[in-house]
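Geometric and topological summary
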Amino acid sequence: MTNYNIHPMYRFFDCYFKSLKDIDPIELQEWSHKETPQLRFIIVEEDVYDNNVALYPETIDYVANDMTEARRVLKEEYSE
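The sections below set out a description of the structure shown in this document. Note that this is a predicted model, so its numbers are computed, not measured.

Points about the environment of Arg71
For Arg71, the location among the structural elements is in helix 3 (residues 67-77). For the pair Arg71 and Phe41, spaced 30 residues apart in sequence, the C-alpha separation works out to 9.3 Å.

Some thoughts on the environment of Glu69
One can find Glu69 in helix 3. Here Glu69 falls in the partly exposed class, since its relative accessible area comes to 21%. With 28 residues separating them in the primary sequence, Glu69 and Phe41 have C-alpha atoms 8.7 Å apart. Not counting chain neighbours up to four residues away, the residues in contact with Glu69 comprise Tyr62, Val63 and Ala64.

Thoughts on the side chain of Arg40
Mapped onto the elements of the fold, Arg40 is located in strand 3 (residues 38-45). There is no salt bridge for the buried Arg40, and the closest opposite charge comes from Glu35, which lies 7.7 Å off by N-O distance. In this structure the side chain of Arg40 is engaged in a polar contact, spanning 2.6 Å, whose partner is the side chain of Gln38. A polar side-chain atom of Arg40 sits 3.2 Å from a polar atom in the side chain of Asn65.

Calculation notes
- Residues numbered from 1 in each chain as written.
- Predicted model: local features only at pLDDT ≥ 70, side-chain atom pairs only at ≥ 80, totals over all residues.
- Heavy atoms only, no water.
- Helix = DSSP H or I, 4+ residues; strand = E, 2+ residues; numbered from the N terminus.
- Buried < 20%, exposed > 50% of the residue type's maximum accessible area, 1.4 Å probe, protein only.
- Contact = heavy atoms within 4.5 Å.
- Lys, Arg positive; Asp, Glu negative; His and termini not counted.
- Salt bridge = Lys/Arg side-chain N within 4 Å of Asp/Glu carboxyl O.
- Polar contact = N/O pair within 3.5 Å; in protein donor to acceptor, adjacent residues only side chain to side chain.

Have a look at this one:
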């Protein structure tokens, strides 16, 4: 059985990071005029999350703008 969980992650361009500290500070400084990291709540397989500091969209099952939405989707789509 696959175990899915909700995790807060920061989207910076097309990548999701576990924390702001995981984003390369030079890249963040150079590109901050175009994009700022945004907190999102992702639903992903637990082993995928545990084994990566950063995730790309193709490894994520769902991205929510808030925890309420993420909980609803997890319950409706990923519960057995």
